[in-house]
Protein chains: 2
Amino acid sequence: MNTAELAATIDHTILKAEAMPADVDQIVAEAMEHGFASVCVNGIFAAGVVHQLADKAKNPKGVKACAVAGFPLGAMKPTMQAIEATGLAKDGVDEIDFVAHLPHLIDKDLPMAKAEYTELVKAARSVNPKIIIKVIVESAALMNGVSEAEAEARIALACQAVRESGCDFIKTSTGFHPAGGASVQAVTLMKKHGQGIKVKASGGIRSYDDAMKMLDAGADRLGCSAGIAIVSGAKAASDGY
Amino acid sequence: MNTAELAATIDHTILKAEAMPADVDQIVAEAMEHGFASVCVNGIFAAGVVHQLADKAKNPKGVKACAVAGFPLGAMKPTMQAIEATGLAKDGVDEIDFVAHLPHLIDKDLPMAKAEYTELVKAARSVNPKIIIKVIVESAALMNGVSEAEAEARIALACQAVRESGCDFIKTSTGFHPAGGASVQAVTLMKKHGQGIKVKASGGIRSYDDAMKMLDAGADRLGCSAGIAIVSGAKAASDGY
């Protein structure tokens, strides 16, 4: 995988509460320079990022606009989260990463999980039928402290709910949960049970080595704020350092 | 201050992503038993908590229902956060704690901060004119790494925006930010510059001693998940242990 191919897997991400408009502008500029898959921001910045990325002369590689909904707790009312997603779709984002309500997955309640995701995806696609929807399931919180069998059952159920509700990606982590971020184990289970949905690994991916581990485990997309360090590592590796 | 008076200052709080319905039920039961000021939950639980607290036979002390909006990043679109608050008001909550967009406060941009808070408070009060609104300003993130003068200027501006937009409380912290939670310094500055608004200290208040420090600094309300430990400490103290 060369540097451009690696960059094209990365959602260049800035989600911290104190991110300033200038910080977001920098992320957008970096994404257009390196050809990252998308710029991923909080909703307040979504319309501005869409506007900047719409300049095809400055964005020849077609970097997408991505925003989060129900982030990072997944504990808004599902209807409100769907309204938030609809607003983001109206703002013109190409992709939405929303946080699943964890109790539905901890309870392995497939009907409730599917109802939650379906409401959001239908609402967002009523505005943009092609919008990409990623469901963040906070895999470390689901998997820590339970048996391997229970962890796998939870991830399998999450995959089923994501797939059957018509969402595009299952995503490991918000990067904000104290239980931790992406793991090779989580990505491997998501690939095993995904059956057609894609996998985004996110949370704690800080280096070229971290990124390659996730891609080797089968991740289709990476979410990270360290995209520049990661592609610089890629450059160094291919330069023989 | 006796145990009942201490309990009446506490918003008994459960906001973690993996909080299960049974965990919330327990918090509600504890709040009604001890006479806490309110039960503070994520939006998905708001209507259920309102329903449980409406039973006056079980809730003779009149514990209030409180829910959060734009939580914990304060980085949704302000309009969407106002819509979320309006939904919570329709669900019947008595109080809403929402997160201020930090860049407005870091920039000391009074018009933007006031516009954000005013939009939300007007929307929520269109449903319930008496609803109590608390503005979480993530004081540790505002105050860390800057001069004392700058920290005070930011808190003073936040107080002004909260007051002039007609909100009721300034609140220190979400409890989720890596910069930390409430501090005596933050509460003291909020009392100094509040000029009529109340102060809620929250984040990292885990013991009777923590609680008393915040109350001694002038806090009118405390937000904590350790309410039982705190009032047990109060009991122990008044029992001479």
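The coordinates are above.
The notes below deal with the structure included here. (Residues numbered from 1 in each chain as written. Chains lettered and ligands numbered in written order. Predicted model: local features only at pLDDT ≥ 70, side-chain atom pairs only at ≥ 80, totals over all residues. Heavy atoms only, no water.)

A separate point is the relation of the copies chain A and chain B. Relating one copy of the chain to the other requires a rotation about an axis plus a shift along that axis. The two copies are related by a screw motion: chain A maps onto chain B through a turn of 180° and a shift of 0.0 Å along the axis, at an RMSD of 0.0 Å. Viewed as a symmetry operation, the transformation between the two copies matches a two-fold axis. Most of the interface of chain A is mirrored in chain B: 100% of its interface residues are interface residues there too. (Least-squares fit on C-alpha atoms with pLDDT ≥ 70 in both. Contact = heavy atoms within 4.5 Å.)

All names here are of chain A. Along the chain, Val 49 falls in helix H3 (residues 46–53). Counting along the chain gives 182 residues from Val 49 to Val 231, while the straight-line C-alpha distance between them is 22 Å. Every residue in contact with Val 49, bar those within four places of it in the chain, is listed here: Val 24, Val 28, Val 39, Val 41 and Ala 65. (Helix = DSSP H or I, 4+ residues; strand = E, 2+ residues; numbered from the N terminus.)

Moving on, we get to the sheet that holds strand S3 (residues 64–69) of chain A. Reading around the barrel, the 8 strands line up as S1-S2-S3-S4-S5-S6-S7-S8 (chain A) and close back on themselves, with parallel pairing between neighbours. Geometrically, the sheet is characterised by an average inter-axis angle of 25° between neighbouring strands, direction not taken into account. (Pairing = 2+ DSSP bridges. Axes fitted to C-alpha atoms, helices over the stretch in contact; angles between N-to-C directions.)

Quick look at the sheet that holds strand S8 (residues 221–224) of chain B now. Residue and element names in this part refer to chain B. Read around the barrel, 8 strands follow the order S1-S2-S3-S4-S5-S6-S7-S8 and close on themselves; strand pairing throughout is parallel. Going from strand to strand, the sheet's axes swing by 25° on average, the running direction of each strand aside. Pairing geometry for strand S7 (residues 198–202) and S8, over 3 bridges, is parallel. Looking across to S8, one finds that Lys 200 is bridged to Arg 221. Along the sheet face, helix H2 (residues 21–34) touches strand S1 (10–14) and strand S2 (38–41) and points at about 165° away from the line of S1.

Residue and element names in this part refer to chain B. Of all 5 residues in S7, 4 are buried, a share of seventy percent or more. Across 3 bridges, the pairing between strand S6 (residues 169–171) and S7 is parallel. Directly across from Lys 171, in S7, lies its bridge partner Lys 200. At this point the chain moves from S6, through helix H9 (residues 184–194), to the parallel S7, and the crossover so formed is right-handed. The parallel pair S7 and S8 is bridged by helix H10 (residues 208–216), and the resulting crossover is right-handed. (Buried < 20%, exposed > 50% of the residue type's maximum accessible area, 1.4 Å probe, protein only. Right-handed = clockwise from strand over helix to strand, strands pointing away.)

The subject of this paragraph is the interface of chain A and chain B. Where interface size is given, it is often the accessible area lost as the parts come together that is meant. On the side of chain B, 29 residues touch chain A, which itself brings 29 residues to the contact. Carbon and sulfur atoms make up 73% of the surface buried where chain A meets chain B, a total of about 2,600 Å² over both sides. Of all residues in chain A, the largest losses of buried area upon contact with chain B belong to Ala 17, Ile 44 and Leu 73 of chain A, amounting jointly to 25% of the total for that side. Viewed at the interface, chain B and chain A are joined by 2 salt bridges. A salt bridge links Asp 91 of chain B to Lys 77 of chain A; the nearest nitrogen and oxygen atoms lie 3.0 Å apart. (Buried area = accessible area lost by both parts, 1.4 Å probe. Salt bridge = Lys/Arg side-chain N within 4 Å of Asp/Glu carboxyl O.)

Here we take up the pattern of salt bridges. Residue and element names in this part refer to chain A. Counted under the stated rule, the structure contains 30 salt bridges over all chains. Across the pair Glu 95 and Arg 221 runs a salt bridge whose closest N-O atoms are separated by 2.9 Å. Highlighted residues: Glu 95 in strand S4 (residues 95–99) and Arg 221 in strand S8 (residues 221–224), separated in sequence by 126 residues. Summarising the burial analysis for this pair, Glu 95 and Arg 221 share the class buried.

Residue and element names in this part refer to chain A. Taking 1.5 Å as the rise per residue, helix H8 (residues 148–164) with 17 residues should run 24 Å; its terminal C-alpha atoms sit 24 Å apart, in good agreement. Ala 151, Arg 154, Ile 155, Leu 157, Ala 158, Cys 159, Ala 161 and Val 162 are the residues of H8 that are buried. Those residues of H8 that are buried are in contact with helix H5 (102–106), helix H6 (110–127), strand S5 (132–136), helix H7 (139–143), strand S6 (169–171) and helix H9 (184–194). In the segment just after H8, Gly 166 is the residue with positive phi, at about 85°. (Expected span 1.5 Å × (residues − 1).)

Residue and element names in this part refer to chain A. For Met 190, the location among the structural elements is in helix H9. The exposure class of Met 190 is buried, given its relative accessible area of 0%. Residues in contact with Met 190, not counting those within four places in the same chain, are Val 137, Ser 139, Ile 155, Cys 159, Ile 170, Lys 171, Thr 172 and Val 199.

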